[in-house]
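Examination of the molecular architecture
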Amino acid sequence: MHELRFGLTAPAPCNYLGAQQEQLVFLLPEQPVSAALYQQLLELNFRRSGEQVYTPHCPACRACESVRINPAAFNASRSQRRLLNKAQRIGWQYKLSAGASTDYFPLFAAYICHKHADGSMYPPEQAQLDAMLNCSWLKVRYLEQYYQQQLVAVTIVDETTEAYSAVYTFFHPDVSALSPGILAILYLLQCAGREQKNWLYLGYQINACQKMAYKDAFLPQQRFIQGQWHSFG
């Protein structure tokens, strides 16, 4: 990796742990970024937001642990297998499409208003979605889920030669009971296996944040803790 220059954001209230202050290290924007460089940064706990690449660097907290799964080693639990079987019976369809759709925003807005009305993404704006959907230096793909011929869930997926990285999933509140977020991960693991990817990255895990607890169920997995990857399960 060539020499890189980074910046540091000012402290701000953490969106996940109310008692903590958040700071981010980010790659300064004047530097060229590529999918190959991003793959190296993924391995060092970084993530993408729009065109920007960042990693948490908080003053008194190291709770954010990047999670990744090797598709070849993943072993679906009994409940995960039941969920996949149920999804097939009720007529779900999946596809990875080649481009973004402006039709995603109503679904995105419904999800934010229902699920995160108390968070930093409320009220939902088209610019928020566009920043996740578009990246000039990286292949961004979209996993769509349909029920009764209606689009009900979308997962934004970054792709490198070695990995998929799940950026964000949003879905219609009416299908919450069908666990579309978990279904998306299970399907992406299948896709990653077929494409011979080494990893599916799931973003950050914070043990004290209940909204992230679902990631614990995908085993075996690795987490980036204190500068190294550690295996669990």
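Structure first, text after, so check above.
Let me begin by describing the structure that accompanies this report. Since this is a predicted model, take the numbers as computed values, not measurements.

**Section: the pattern of salt bridges**
Across all of its chains, the model carries six salt bridges by this definition. The partner of E159 in a salt bridge is R141, and the shortest N-O contact between them spans 3.2 Å. Here the residue E159 occupies a position in strand β10 (residues 150–159), and R141 occupies one in strand β9 (residues 139–147), the gap between them amounting to 18 residues. A relative accessible area of 23% places R141 in the partly exposed class. D216 serves as the salt-bridge partner of R223, at 2.5 Å between the closest nitrogen and oxygen. Exposure remark for D216: the relative accessible area of 34% places this residue in the partly exposed category. Bridged by salt links that share partners, the residues E65, D216 and R223 form one connected network.

**Focus: the packing of aromatic side chains**
This model, assessed by the stated rule, comprises 13 aromatic pairs. Judged by centre distance (5.4 Å) and plane angle (65°), the ring pair of Y38 and W137 falls under edge-to-face. Residue Y38 is located in helix α1 (residues 35–42), and its partner W137 is located in the loop between α4 (126–133) and β9; the two are separated by 99 residues in the primary sequence. An aromatic cluster is built from Y104, F105, F108, Y111, Y142, Y168, F170 and F171, whose rings are joined through pairwise contacts. Residue placement shows R68 over the ring face of W229; its charged tip is 3.9 Å from the ring centre. Over the aromatic face of F232 sits the side chain of R223, whose NZ or CZ is 5.1 Å from the ring centroid.

**Looking at the pairing of β9**
Two strands pair when backbone bridges link them, and β9 and β10 are joined in this way by nine bridges, in the antiparallel orientation. From the neighbouring strand, Y147 faces β10, where its bridge partner is Q150. Adjacent in sequence and paired antiparallel, β9 and β10 are bridged by two residues, among which Q148 carries a positive phi angle near 50°.

**As for the packing of helix α3 (residues 104–115) against α4**
For any two helices packed against each other, the geometry is given by the interaxial angle and the distance between the axes. Here α3 crosses α4 at 110°, and the two axes come no closer than 10 Å. Comparing the axis directions of α3 and α4 gives the class roughly perpendicular. Between α3 and α4 lies a crossing of right-handed hand. Mapping the contact onto sequence places Y104, F105 and F108 in α3 and Q126, Q128, L129, M132 and L133 in α4.

**Brief notes about the pairing of strand β4 (residues 24–27)**
Of the two faces of β4, the one lined by L24 and F26 and the one lined by V25 and L27 are each fully buried. Relative to β4, strand β1 (residues 6–8) runs antiparallel, the two being bridged by three bridges. Counterpart to F6 in the pairing with β4 is L27. Bridge count for β4 against strand β6 (residues 52–56) is three bridges, and the pairing is antiparallel. Of the residues in β6, the one forming a bridge with L24 is P56.

**Notes on helix α2 (residues 78–89)**
Between its first and last C-alpha, α2 extends 17 Å over twelve residues, near the 16 Å set by a 1.5 Å rise per residue. Inspection of α2 places Q80, L83 and A87 among the buried residues, and these make up the whole buried set. The buried side chains of α2 occupy one side of the element, clustering within an arc of 55° when seen end-on. Every exposed residue of α2 that faces more than 90 degrees away from the buried side is listed here: R78, R82, Q88 and R89. Two residues or fewer after α2 comes G91, characterised by a positive phi angle close to 85°.

**Comments concerning the environment of R47**
Looking at where R47 falls in the secondary structure, it is placed in strand β5 (residues 47–49). For R47, a relative accessible area of 7% puts it in the buried group. Contact partners of R47, with chain neighbours within four places excluded, come to Y38, Q52, V53, Y54, S165, A166, V167, Y201, L202, G203 and Y204. Reaching out from R47, the side chain makes a polar contact with the side chain of S165 at a distance of 2.6 Å.

The rules behind these values
- Residues numbered from 1 in each chain as written.
- Predicted model: local features only at pLDDT ≥ 70, side-chain atom pairs only at ≥ 80, totals over all residues.
- Heavy atoms only, no water.
- Salt bridge = Lys/Arg side-chain N within 4 Å of Asp/Glu carboxyl O.
- Helix = DSSP H or I, 4+ residues; strand = E, 2+ residues; numbered from the N terminus.
- Buried < 20%, exposed > 50% of the residue type's maximum accessible area, 1.4 Å probe, protein only.
- Phe/Tyr/Trp six-rings, centres within 6.5 Å; stacked < 30°, edge-to-face > 60°.
- Lys NZ or Arg CZ within 6 Å of the ring centre and 35° of its normal.
- Pairing = 2+ DSSP bridges.
- Axes fitted to C-alpha atoms, helices over the stretch in contact; angles between N-to-C directions.
- Parallel < 35°, antiparallel > 145°, perpendicular 65-115°, else oblique.
- Left-handed = near helix turned anticlockwise from the far one by under 90°.
- Contact = heavy atoms within 4.5 Å.
- Expected span 1.5 Å × (residues − 1).
- Arc of directions from axis to C-beta.
- Polar contact = N/O pair within 3.5 Å; in protein donor to acceptor, adjacent residues only side chain to side chain.

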